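Overview (structure and organization)
The lines below spell out each chain.
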Amino acid sequence: MACQGLQKGETLASLKTESDGLKKKLEVERGKLNDVELHQVAEKTEVLGALSIKTRRVLKGHGAKVLCMDWCKDKRRLVSSSQVRTSTDLWTREHGVSLPCTWVMACAYAPSGCAVACGGLDNKCSVIPLSLDKDENLAAKKKSVAMHTNYVSGCTFTNSDMQMLTSSGDGTCALWDVESGQLLQSFHGHTADVLSLDLAPSETGNTFVSGGCDRKANVWDMRSGQNIQSFESHESDINCVKYYPSGDAFASASDDATCRFYDLRADREVAVYQKDSIVFGASTVDFSLSGRLLFAGYNDYTINAWDVLKGNRVSILFGHENRVSRVKLSPDGTAICSASWDNTLRIWA
Amino acid sequence: MTINTLAKGGWHRDQMACFRKMEKVIVAMQDPDMGMKMRNQRLLITVIPHAMTGRDVINWLMQKYNMCEEEALHLGGMLVRYGYIYPLKEPRSLVLRADESPYRFQTPYFWTSTRWPATELDYAIYLAKKNIRKQGELMEYEKERYSVLHKRINHTWDFVVMQAREQLRASKQRRKADRIVLECQEQAYWLINRPPPGAYNILDMGLERPNNFSTRVTLNSDYYKREIEFCRRALGRNRVKSSICLEGFVKYSEQYLSHDPIMQGCLPSNPWISDDTAHWTMNTEVVPIPSRLRVERWSFSFMELLNDAMGRREFMTYLEKEFSAENLCFWQACEDIRHGENSRIVEKVEEVYKNFLAPGAARWVNIDSKTMDKTLKGIQHPHRFVMDDAQMHIYFLMKKDSFPRYLKSDLYKNMLAKAIVPQEVKKSVFPFMRRQRHSSPSPAQAVAQASEEEGRA
């Protein structure tokens, strides 16, 4: 983008001052309608007892750190990706596909269940059609769709197999037409690596949220490419963002060892989930079906379950022997799957 | 592509914050008043002062953070793995044991965060010292590394040997107890910063993130002008009072509580727990008779109804009776354009125009003239979003008008009445093995109660 240059009477310093001033004003405006806190409103809800969630399955088979996973809409199958010293395995329960790329950081199931997308250090996001034929060489059918100038950190299909949204270490997010690989829209606004994105479950299906190393979580209009809302309250990189089931809010997980809850209509952060004894960064979050529980995976190998409304921790899940890289609720809400650097995935219910 | 591995000295900036937090805990543990009580520990024939047992560490953490034993063991274990506390017995096993095993605090000089990154030179000196002390009896991997270093930094080798000898001389002048302590501390440091092959590398941080504010985007006038523009727009935004928004979350969670298997279990049982897939079979996309919860959920919002294939089909049937099925068909066709392949947009737009918008079209949709004019104009240069306005108009028409009437209709009410409420399955496979069916109290009781009340009413 060509630099517009300074107008008469403007200096870089004066622009910065104006920008900072407006940001302060924005914070004041946001505070004006803040007439009650979430935990106060939640006082009338009943206290949650300890959850009796246990590991129900341990999925071994990756030879290296599992970096990402996604569920299929059929509620049972999942795809996971990992980092192997020389190559990368991309697993569905039936197939094992090796791709010539290390650190496959993002993977996603297509809504139809007939394909998976994956991307990472190769700066691309590719789509691989799945087939029931176990002998078929799936790697050969891999099709490059997204091209970034740095690693791909997250990918998701939008409402169909035909469109894909990606986030990248190059600081941008992008919307792609799968069939042609054409870039449909790009989203600029982050000032450092974008680490995560999530599509809004809204009626008009037009927005998504992204979080990154600039500590910001941004909400975007998919159609215009504009940054609609921005939240900057974390003290460190945001590793993961996830919408609340109603679409009116989202949660974030950060290296500052906290998870936060942001209300989109009130336009502010409404809860921080933290404890003195939790010193390691949170890498991933997901809600339970009703949105009452927030599951967060941490770099100290644990998963903490938080009461979203009251703000206290309900349960701590032990089991993994290395960092938890991803947690995801199954499509029907019956289980949580966690992926870890200990080379395994666990299913909790 | 820049990948700075740990070996090259790339340090994940935010790991420092994590280390600082652990150090805070460690400092609190050593507080003269509120910290742990330490005592002398006997190691063979030597007495080591200021030591504590694994059990002490766990009890202190449990008390300080009000946590259960499992969590205290876990947190304490991390402190040991990161080298803040090291074991006196079995020093190579960086594990916290919940018994009388003796441990000691690592001196801040040897905290990983203090001297980062651990240099090759320091490691060489350490190995040289050990080599001299043990008269060549290093461990295999240490021998290998020693010779690799010897080749690599050969030019400074005289300095390495000199330093090693000097440090050994100085340590000989210490009391035996202090000497042992220093050796343990140093060993613990190197076990973490140069782990033996095959051992767990706690300092593995994965990919280094460049995370450099100015390398991604130059903070020039364009950047600030965009920020200013964004703030101006944001200031003009409508915001909703917190009390209203937050109440919304409480209501949503309450409404969906019985649908949340993790919170309240699911009927007949959670397949992941019981290995019985009946729940999935009963809830596949198309079933002869849907479950009660599923049909109830259609009433929660228009989006819920449309997101469920069966719900959408039922709604279509209802609209056909009302002679307004073209609305749903139109909406679906628009979705198809919005989310479909680029290459087929033009052809799909034409189809939609022919079927729904053209004068005298077979399934003409009733949209207001302003939207119709705008849409017809836009069709001349078709693009992905050309139908957006018309689609929204029809969507809200269905949502505000047809949807509420559908919920009051016999079609829906009959569906709800017919819907299945599965029995909770409590069969055990083996009589002597009891399997837990639900992760939480059974919702079957709640349903039984509800129908009891209905019976009475």
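Because the structure is predicted, anything quoted here is derived from the model rather than measured.

In an α-helix there are 3.6 residues to a turn, and that puts residues three or four apart on one side. All names here are of chain B. Between the first and last C-alpha of helix H20 (residues 388-408) there are 29 Å, a value that for 21 residues agrees with the 30 Å anticipated at 1.5 Å per step. At Ser402, H20 shows its largest kink, close to 35°, and the proline Pro404 lies no more than four residues downstream. Every buried residue belonging to H20 is among Asp388, Ala390, Gln391, Ile394, Tyr395, Met398, Ser402, Phe403, Tyr406 and Leu407, and all of these are buried. Residues of H20 that are buried in the fold lie against helix H14 (292-298), helix H15 (302-307), helix H16 (309-322), helix H17 (325-339), helix H19 (369-379) and helix H21 (410-418).

Looking now at the environment of Pro87 of chain B. Residues and elements named next belong to chain B. Positionally, Pro87 belongs in strand S3 (residues 85-87). Sequence separation of Pro87 and Pro102 is 15 residues, and the distance between their C-alpha atoms is 6.1 Å. Ignoring anything within four residues of it in the chain, the contact list for Pro87 reads Val80, Ser93, Leu94, Pro102 and Tyr103.

Next up on the list: the UniProt feature "domain: RGS" (unreviewed entry) in chain B. Feature annotation in UniProt places "domain: RGS" (unreviewed entry) on residues 301-416 of chain B, given in this structure's numbering. Between the first and last C-alpha atoms of residues 301-416 of chain B the distance is 16 Å; the span itself is 75% helix and 0% strand.

Soluble globular proteins tend to bury their nonpolar side chains together. The biggest cluster of nonpolar side chains holds 46 residues, and the ones touching the most others in it are Leu38, Cys259, Phe261, Tyr273, Leu293, Leu294 and Phe295 of chain A. In terms of nonpolar packing, the next biggest core, distinct from the first, is built from 41 residues, Leu306, Cys329, Phe403 and Leu407 of chain B among them.

A few words now on the pattern of salt bridges. All names here are of chain B. Enumeration over the complete set of coordinates arrives at 43 salt bridges over all chains. The salt bridge involving Arg169 is made with Glu166; its shortest N-O contact spans 2.8 Å. Here Glu166 and Arg169 lie together in helix H6 (residues 157-172), a separation of 3 residues that amounts to about one turn. Among the residues examined, Glu166 registers a relative accessible area of 39% and is labelled partly exposed. Of the charged contacts, one joins Glu304 and Arg297 as a salt bridge, the two residues approaching to 3.2 Å between their closest N and O atoms. Given a relative accessible area of 15%, Glu304 falls into the buried group.

The rules behind each value
Residues numbered from 1 in each chain as written. Chains lettered and ligands numbered in written order. Predicted model: local features only at pLDDT ≥ 70, side-chain atom pairs only at ≥ 80, totals over all residues. Heavy atoms only, no water. Helix = DSSP H or I, 4+ residues; strand = E, 2+ residues; numbered from the N terminus. Expected span 1.5 Å × (residues − 1). Bend = angle between axes of the 7 residues up to and from the residue. Buried < 20%, exposed > 50% of the residue type's maximum accessible area, 1.4 Å probe, protein only. Contact = heavy atoms within 4.5 Å. UniProt positions renumbered as here; feature names shortened; annotations may be inferred. Core = buried A, V, L, I, M, F, W, Y, C linked by side-chain atoms within 4.5 Å. Salt bridge = Lys/Arg side-chain N within 4 Å of Asp/Glu carboxyl O.

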